[in-house]
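Chain by chain, the residues:
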Amino acid sequence: MGVIIGKSIFPGIVIGQPYIERKKKIDIENYKIPSDKVDEEIERFLESLQKAKNDIKQIKNNLEGKINKEDLQILTVHIMMLDDPQFINDIKKGIKKEGNNAESVVKKVSNKYIEMFEKIADPIYKQRALDIKDISERIIMNLTHEESVDTNLNGRILVVRELLPSELLKIYYSGINLIGIIMEYMGETSHTAILTKALEIPTLMGGNDIFSVDWGDEIILDTTSMEGKVVTNPDIKTLNRYTEEKNRYKNKIKEIEESIDKETITIDGERVYLHLNIGGRLDITQVSRKRPDGIGLLRTELIYMDSLDFPNEEKQKKIYENIAREFEESQPGKPIIIRTLDIGADKKLSYYKMVDEENPSLGCRGMRLTLSDKTLFKNQIKGILRAATYHNIKMMYPMITNLKEIKEAKELVEECKSELLNEGKEFKNDIEIGMMVEVPSNVMLADIFIDYVDFFSIGTNDLTQYILATDRYSPIAEKLYDCYDPAVIRAIEMVSSAGLKKNKKVSVCGEMAGESQAVIALLSLGIRDLSMAPAYIPKVRNLVRKIKISELKEIKVNLLKAKDSQEIKDILNRYLEMVEGRN
C-alpha cells in the first residue's frame, strides 16, 4: 500500500481501477516529397487543418448546454490559433522549402513555437505552449489517422503525465465516464484544471514520479481536502474505511443540494452574499440552479476574443444588455459588475499585436493597456454606461497600480458622459465604479484608494502571486504560490479594514472565494461578499449556514498572529471540522 500526495483540483472520493496512460508517441516518419507532389502535400496539410477546426467546432456545438459556455472558450481560442496565418504559412513554407512530408514539418514548426514560449522568462507562457502542443497533435493525428480515445477508459481513473484540454473534452464528448484524474503536471489555474472543475471530475495534480508507482488493480482517490491523496494497492481495512468516507461524502453532497434554495445566513443571523464569476456569456440554467446574489465579476476579455476586431460601442452595449436581460429573468434586480478589458500576460487577442516583453505579467496589461489606447477604452466605457441605463450594472477596473490611473480613468468616464449627452444617447450617470485589488500598492494605499471608488474587489489569484513574487503558472515555484501565506491574509485584512471604515463594500472574486477553509478566513476578516465559479455556490452556501460569526473573532486574532501558511491551514481546518459536524 502506498500514498501519493498532490493538489486537489475538484473534490470527491472515488474508488476504482487505474488507467495508466504513458502517452504513446505518434511515430512520425520523416521523408522527402517529390517536387511535383509538394502542392498535393500542402493541400493534405490544409485538409487536416480544416478537419481539426471542424472537429473542435463539432465538439463545441455538442457540448453547449452541457458545459458552461465560458468553459468552452478554450476551444474558441484553439480555432483562432488554427487560423493563425503565421503558423499556417510557416508550415506551408516548410513543406515547400524542405520538401518534407506534412507531419514532420507540423511537428518541427510547432516544436519551434513551443520551445520559444517555454524559454520566455515569464512561466505564464507554459499554458500557451500547451495550447500549441494541443492543436499540433490534433493536426498530426488527422494526418496519420490515429484514434485518440480508448473506450477501456470508461468507468476508470485516468493516470497521466499531462492532459490537454481538447483531449479531456473529446473523452467527455465520446460519452466515456471518467471517474477521476491523477496528473503529474501541476497547473491549478490551467485550462485543464478549469475544465475538470466544470465537468466536476475529482482531480489531483502534482503527483511525483507517477509512472514509477505500483498502482495495482484498485486505487483510492481522495480530493476532499486541499492536499489530495491517492492510496495505491489499498488493504481491506483501508478500502472499508474509505467506502464509509465515500458514503458520508455523498450524504454531504445531498445536504448541500437540499440547502440550495435557502438564504445564505450564518447561525447568528449575518447575511453573506454569493455572486458568480462569468466570462462574457451567461449559462442561464446554471444561474437558475445556483440562485446567486448577483454577478460579481463579468470578465469582458472573451467578448473581445470572440470578435474579429475590437467590438465597437454599439456592439458592446447590446452584449451587456443581453446578458443583463437574461440574468434578470431569473434574478431580477440583482447587480452585475462588469470588469473592463484585462488583456495582457496570459490573455491575447489575435487581431492586436502587443509589444513583446520580458515579463508581461509586470508589463502592459489591464488598465495600463486600456489607458494607453483612449479610443479602445472609451468605446467600452460608453457601451457599459449605455447598457446600465435600465439595468443594475456596475463597472470595475482591473490592475490598478496608482492613484493617477484612477484619476485618469475618472476623467475619461466624465468625458464619455459628456459625449453621450451631446449625442442624445441614454446612459446611467450615477453608475457605481470599483477597482480590483491585485497588487501590493493597492494594499499599502487601500485607505487612500477607497476614497476614489465605490467598492473594492480583491483578486486573490494575482494578489497572491504579486505579494509573494511567485508566478502562479510556474511548475517550479508552484509550492511557493499559497494564498494562505500570512502575508496574503494580512493584506486581505488591511483592504477589508479600509473598506469597513468607510462603509464601502469589499468582495473577493479570486479562487479563494470558493474554498471552504478560505471562506472561514475571509468571513473572519470582515468580508461578506464572495464571487466564484457557479459550481462552488451550493457548497459555500451550505457552509455559511453552519458558521457563527461570533466564533470567528478568535479565529481572526490567531490568523493574524500565524507565522506560516501551515499554521493558518491548521487553524482553519480545526474550525472547519467542528462546523461540518453541525446539523
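Above this note sits the structure.
Now for a look at the structure at hand. None of these values were measured; they are calculated from a predicted model. (Residues numbered from 1 in each chain as written. Predicted model: local features only at pLDDT ≥ 70, side-chain atom pairs only at ≥ 80, totals over all residues. Heavy atoms only, no water.)

### Regarding the overall build of the protein chain
- Helix and strand content of the protein chain: 22 helices and 16 strands.
- Taking all 583 residues of the protein chain together, 56% fall into the buried category.
- Considering only intrachain contacts with a sequence separation of at least 6, the fraction spanning at least 24 residues in the protein chain is 71%.
- Carbon and sulfur atoms make up 48% of the accessible area of the protein chain, which amounts to about 25700 Å² in all. (Helix = DSSP H or I, 4+ residues; strand = E, 2+ residues; numbered from the N terminus. Buried < 20%, exposed > 50% of the residue type's maximum accessible area, 1.4 Å probe, protein only. Contact = heavy atoms within 4.5 Å. Areas by Shrake-Rupley, 256 points an atom, 1.4 Å probe, with all protein chains shown as cover.)

### Digging into unusual backbone geometry
- Of note, A469 is a non-glycine position whose phi angle comes to about 50 degrees, a positive value.
- The residue N503 is not glycine, and still its phi comes out positive at about 55 degrees.
- Mapped onto the elements, N503 comes out in the loop between α18 (486-501) and β15 (505-508).

### Digging into the pairing of strand β1 (residues 2-10)
- When β1 meets strand β8 (residues 227-232), the two strands line up antiparallel, connected through six bridges. The residue of β8 that forms the bridge with G6 is G228.
- Here β1 pairs with strand β6 (residues 203-205) via three bridges, running antiparallel. Each residue of the ladder has a partner; that of F10, found in β6, is T203. (Pairing = 2+ DSSP bridges.)

### A closer look at the sheet that holds β8
- A sheet is described by the order of its strands in space; here eight strands give the open sequence β2-β7-β8-β1-β6-β5-β4-β3, paired in mixed fashion. This sheet does not close on itself; its edge strands, each paired only once, are β2 (13-16) and β3 (18-21). Within the sheet, the average angular offset between the axes of one strand and its neighbour, ignoring direction, is 25 degrees.
- Across four bridges, the pairing between β3 and strand β4 (residues 157-160) is parallel. (Axes fitted to C-alpha atoms, helices over the stretch in contact; angles between N-to-C directions.)

### Re the sheet that holds strand β11 (residues 336-339)
- With respect to topology, eight strands assemble into a closed barrel ordered β9-β10-β11-β12-β13-β14-β15-β16, the strand pairing being parallel. Each strand axis lies, on average, 25 degrees off the axis of its neighbour in the sheet, ignoring direction.
- With four bridges connecting them, strand β14 (residues 455-458) and β15 associate as parallel partners. Note on β15: the bridge partner recorded for S457 is S507.

### So, helix α13 (residues 374-387)
- Between its first and last C-alpha, α13 extends 20 Å over 14 residues, near the 20 Å set by a 1.5 Å rise per residue.
- The buried fraction of α13 is high, at 11 of 14 residues.
- Within the sequence span of α13, burial applies to L376, F377, K378, Q380, I381, K382, G383, I384, L385, R386 and A387.
- Of the surrounding elements, those touching the buried residues of α13 are α10 (301-305), α11 (313-330), β11, α12 (367-370), β12 (393-397) and α14 (403-422). (Expected span 1.5 Å × (residues − 1).)

### With respect to the packing of helix α17 (residues 460-467) against α18
- One can describe the packing of α17 onto α18 by two numbers: an axis separation of 10 Å at closest approach and a directional angle of 125 degrees. Accordingly, the angle class assigned to the pair α17 and α18 is oblique. Judged by the sense of rotation from one axis to the other, the crossing of α17 with α18 is right-handed. Contacts from T460, L463, T464 and I467 of α17 reach α18 at A487, V488, A491 and I492. (Parallel < 35°, antiparallel > 145°, perpendicular 65-115°, else oblique. Left-handed = near helix turned anticlockwise from the far one by under 90°.)

### As for the pattern of salt bridges
- All told, the structure shown has 35 salt bridges when counted by the stated rule.
- The salt bridge involving E184 is made with R161; its shortest N-O contact spans 2.2 Å. Of this pair, E184 sits in the loop between β5 (180-183) and α7 (191-198) while R161 sits in the loop between β4 and α6 (165-173); the two residues are 23 residues apart in sequence, bridging distant segments of the chain.
- Here the salt bridges share partners, and the residues they tie into one network are E313, E314, K378, K382, R386, E415, E419, E423 and K425. (Salt bridge = Lys/Arg side-chain N within 4 Å of Asp/Glu carboxyl O.)

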